[in-house]
Amino acid sequence: MTTATTTEAPAEKPSSSLFLKIGVGVLVVALSVLAYQAYLTVWAPYAAYEDPDIMGYLEQEHPKSLSGGDTTHFHSSSGETFAQEIPNMGWGLSAAFDRGDGFFERPLQAALPEGFSSNNDGLGPLYNAVTCEGCHPADGRGRPPMNEHEPLMEGFVRVSIPGTGPYGAPLSPPGYGHQLSDKSVAGVPPEATVRVKWVEAETGVLPGGETYSLRKPEFLITNLAYGPLPADTMYDMRFGPQVYGLGLLEAIKEEDMLAWADPDDADGDGISGRVNKVWDLERGGKVIGRFGWKANSYDVRQQSAEAAYNDMGMNNPLFLYRHDDQAFNHKARQNCEPEQSACLEAIQGKDFEMTPAQLVDVTTYLQTLGVVYRRDVNDPVALKGEALFAEAGCGGCHKSNITTGETEIARLENQLIHPYTDLLLHDMGEGLKGRPDFEAGPTEWRTQPLWGIGKVELVNGHTNFLHDGRARNIQEAILWHGGEAEQAKQRYKQLSKADRQALLKFINSL
């Protein structure tokens, strides 16, 4: 008998393709985990909310009190009211805010010799302030001098002559920059000594017997170090405005601004706002300006770089050289004109005086300063003032109820805000005539936001308003309105004293 034997076939080995698939799967999982961790540590901190669930407390607040949407803060009783960061930011943004705050407040010093450096050297040689806060004290508003014996400490005088420089900017007088630098480092003469004398411009009596007096500045400019200024020189005194809420203003959609603009007054309401077209310092070409008293800066970053260079003499990634508009072959690393030999010979560093990282941090700081809440939202007098504000036509320029659009900081997007501005240029009449700036005419000024205005006295100890501080209170600022705002001013002047006080209480509540 024979027995059949069988031989088992050897087990099949897993194919190499199976190992490849498993390896790819493991790699995908690992990369996904890595990407998620990168998101949590790199992108998420800069994206939006630290914790969306903690914003529920806003449901208890009156909607009208949320001037900056859910970026509004409620710290309104101290000198730090304007210095608050947007609540509930990611920790990355908050850290950048703190770094930018440090630079904003840090006193700068003159450039150091080669081989030495610090994080705050590079001031001058010519300048107007030693800190950003010098013109924006406590992130608020600069104060003008009381009389001709007091120097300008929180502002400066800008100068230009007829004509335009490169890219449409104002033309500076020969031998001088666009603003008179009344301070300098050792060994360099300042451009001039600048003083201002206040002279009476108008007096009047309002219903109820209240008298008013309006003043305007007369400039006393002496010790001109680089020759006389031409007879046709135009002057503007500028004081630093409040700097909170800039990121929200930056997020207002351009299409909204263009929709509000009515350069030919097609609707016949007497208001013909228009945009200013300015030069984009980083990408070239004309863009819509929205910052500065004449909307002469495109965005917060460019405005910050411009202020660092012109106000403090700090070159930076956007202003590495000074190209003189009167001598086109002149290029100086410092903010010096070709006639200013001592300025050109002053010590200068080889690196940026305001580094790229510092510019980013200062920009982030200004973009994420929160807006204080509106008070007295249920006060009957303030509510009556709000109605009178609308009836007078003030809302034609000082627009509220604006929704922000897309921006680089997602925390600022899709916010219903109440800034009381349209960011447009408006003709304010001959009484406020100054200098042109890009496409802004001498009598045109950007609508100033009103949010937070009622806290200027608390934070800065004064109530001086308008670009040059001539208005000593809100009422005087209103009475200086002319041009497109003439009708609104006349309606205000016709109000009873009680109604005027109600309207002013409303504005002070913002």
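The preceding data block contains the structure.
Residue indices follow the written sequence of each chain, beginning from 1 at its first position. Two thresholds apply to this predicted model, a pLDDT of at least 70 for residue-level local features and 80 or more for giving and counting side-chain atom pairs, whereas whole-chain, interface and lining totals are computed over all residues. For the side-chain quantities, the full set of heavy atoms in the structure was used; hydrogens and water were omitted.

*Asks:* Is there a simple way to explain the overall build of the chain in this structure?
*Replies:* In this description a helix means any DSSP run of H or I spanning at least four residues, a strand means any run of E spanning at least two, and both kinds are numbered starting from the N terminus. Assigned secondary structure in the chain consists of 12 helices and 17 strands. Looking at the chain as a whole, 53% of its 510 residues are labelled buried. Note on contacts: a residue pair is in contact if any heavy atoms of the two residues lie within 4.5 Å. For the chain, restricting intrachain contacts to residue pairs at least 6 apart in sequence, the fraction spanning at least 24 positions comes to 67%. Here the chain has roughly 23000 Å² of accessible surface; of this, 55% comes from carbon and sulfur atoms. The positive charge centre, built from 43 side chains, and the negative charge centre, built from 69, are 4 Å apart in the chain. Burial here depends on accessible area, computed with a 1.4 Å probe over protein chains only, as a share of the maximum for the residue type. Under 20% is buried, over 50% is exposed, and the range in between is partly exposed. All accessible areas in this document rest on Shrake-Rupley with a 1.4 Å probe, and a residue is counted as covered only by the protein chains that are shown. The convention is simple: Lys and Arg are positive, Asp and Glu are negative, and His and the chain ends are not counted. Just so you know, the charge point we use is NZ for Lys, CZ for Arg, CG for Asp and CD for Glu.

*Asks:* Which parts of the structure should I look at to understand the state of the cysteines?
*Replies:* Structurally, a disulfide amounts to a covalent bond that connects the sulfur atoms of two cysteines. Only a pair of cysteine sulfur atoms within 2.5 Å qualifies as a disulfide here. For the structure shown, the criterion picks out one disulfide. Across the disulfide from Cys336 sits Cys343; the S-S distance is 1.9 Å. Since a negative S-S torsion denotes a left-handed disulfide, the Cys336-Cys343 link at about -70° is left-handed. A single burial state applies to Cys336 and to Cys343, both of which are buried. The thiol of Cys132 is not disulfide-bonded; the next cysteine sulfur, from Cys135, is found 9.0 Å away.

*Asks:* Whenever I open this one, empty space enclosed by the protein confuses me. Can you help?
*Replies:* If you roll a probe as big as a water molecule over the atoms, it shows you where there is empty space left. The definitions used throughout rest on a 1 Å grid laid over the protein atoms alone, on which a cavity is an enclosed set of points accommodating a 1.4 Å probe that cannot get out and a pocket is an open set flanked by protein within 12 Å on both sides along at least five of seven lines; lining residues are those having an atom within 4 Å of a point. Grid points are joined across faces, edges and corners, and a volume is the space filled by probe spheres set on the points. The final tally for this structure, using the stated rule, is two cavities of 30 Å³ or more. Its volume calculated, the largest cavity comes out at about 690 Å³. What lines the largest cavity is a set of 37 residues, among which His136, Pro241, Val243, Gln303 and Ala307 lie closest to the centre. Broken down by secondary-structure element, the contributors of at least two residues to the lining of the largest cavity are strand S4 (155–164), strand S9 (234–239), helix H3 (246–250), helix H5 (300–312) and helix H7 (356–367). When residues in the lining of the largest cavity are grouped by element, the largest group, eight residues, is from H5. Under the grouping applied here, Gly and all other residues not named as nonpolar or charged are polar, the nonpolar ones being Ala, Val, Leu, Ile, Met, Phe, Trp, Tyr, Cys and Pro and the charged ones Asp, Glu, Lys and Arg. Per-class residue counts for the lining of the largest cavity are 21 nonpolar, 11 polar and five charged. By volume, the second largest cavity amounts to about 90 Å³.

*Asks:* I would appreciate a short explanation of the sheet that holds strand S5 (residues 170–171) in the present structure.
*Replies:* Within a sheet, each strand pairs with its neighbour through backbone hydrogen bonds, oriented either parallel or antiparallel. With respect to topology, three strands assemble into an open sheet ordered S5-S4-S9, the strand pairing being antiparallel. Only two strands of the sheet have a single neighbouring strand rather than two, namely S5 and S9. When DSSP finds two or more bridges between two strands, those strands count as paired. Relative to S9, S4 runs antiparallel, the two sharing six bridges. Considered in S9, the bridge of Val159 is made with Tyr235.

*Asks:* How should I be thinking about helix H12 (residues 497–509) in this particular structure?
*Replies:* Side chains of residues three or four places apart in an α-helix project in the same direction, reflecting 3.6 residues per turn. To estimate how far a helix should reach, multiply one less than its number of residues by 1.5 Å. End to end, H12 covers 18 Å across 13 residues, agreeing with the expected 18 Å (1.5 Å per residue, within 8%). When H12 is considered as a whole, its buried residues turn out to be Asp499, Arg500, Ala502, Leu503, Leu504, Phe506, Ile507 and Ser509. On its buried face, H12 sits against helix H8 (380–391), helix H10 (474–479) and helix H11 (486–493).

*Asks:* Where do I start with the environment of Val29 in this structure?
*Replies:* Secondary-structure assignment places Val29 in helix H1 (residues 16–47). Along the sequence, Val29 and Val130 sit 101 residues apart, while their C-alpha atoms lie 53 Å from each other.

*Asks:* Where do I start with the environment of Asp499 in this structure?
*Replies:* Inspection of the secondary structure assignment puts Asp499 in helix H12. Through-space distance from the C-alpha of Asp499 to that of Arg195 is 38 Å; in sequence the pair is 304 residues apart. Those residues in contact with Asp499 that lie beyond four places of it in its chain are Lys384 and Leu388.

*Asks:* How should the packing of aromatic side chains be read in this particular structure?
*Replies:* Any aromatic ring pair is given by two values, namely how distant the centres are and how the planes are angled relative to each other. Aromatic pairing here means that ring centres of Phe, Tyr or Trp (its six-membered ring) are within 6.5 Å. Orientation follows from the plane angle: under 30 degrees is stacked, over 60 is edge-to-face, and everything else is tilted. With the rule as written, the count across this model stands at 11 aromatic pairs. Taken together, a centroid distance of 4.1 Å and an interplanar angle of 15° make the contact between Tyr167 and Trp279 stacked. Taken together, the residues Tyr167 in the loop between S4 and S5 and Trp279 in strand S10 (residues 276–279) connect sequence positions 112 residues apart. The exposure class of Tyr167 is exposed, given its relative accessible area of 52%. With a relative accessible area of 26%, Trp279 lands in the partly exposed category. Within the aromatic cluster, the residues linked to one another by ring pairs are Phe97, Phe104 and Tyr365. Two thresholds decide whether a charge sits over a ring: the Lys NZ or Arg CZ must be within 6 Å of the ring centre and within 35 degrees of the ring normal. Seen from the ring of Trp198, Arg215 lies directly overhead, with NZ or CZ sitting 3.7 Å from the centre. Over the aromatic face of Trp445 sits the side chain of Lys294, whose NZ or CZ is 4.0 Å from the ring centroid.

*Asks:* Even after reading the chapter, I still don't get the packing of helix H2 (residues 91–105) against H7, so can you show me in this structure?
*Replies:* Axes are the key here: two packed helices are described by the angle between their axes and the distance separating the axes. A fitted line through C-alpha atoms represents every axis, and for helices the fit uses only the stretch in contact; the resulting angles, taken between N-to-C directions, go from 0 to 180 degrees. The interhelical angle for the contact between H2 and H7, taken along N-to-C directions, is 105°, at an axis separation of 7 Å. In terms of orientation, H2 and H7 fall into the roughly perpendicular class. Counting all contacts with H2, which are made through Leu93, Ala96, Phe97, Arg99, Gly100, Asp101, Phe103 and Phe104, the residues of H7 involved are Gln358, Asp361, Val362, Thr364, Tyr365 and Leu366. Classifying every residue of the contact of H2 with H7 gives eight nonpolar, three polar and three charged. Throughout this description, any angle smaller than 35 degrees is read as roughly parallel, any larger than 145 degrees as roughly antiparallel, any in the 65 to 115 degree range as roughly perpendicular, and the remainder as oblique.

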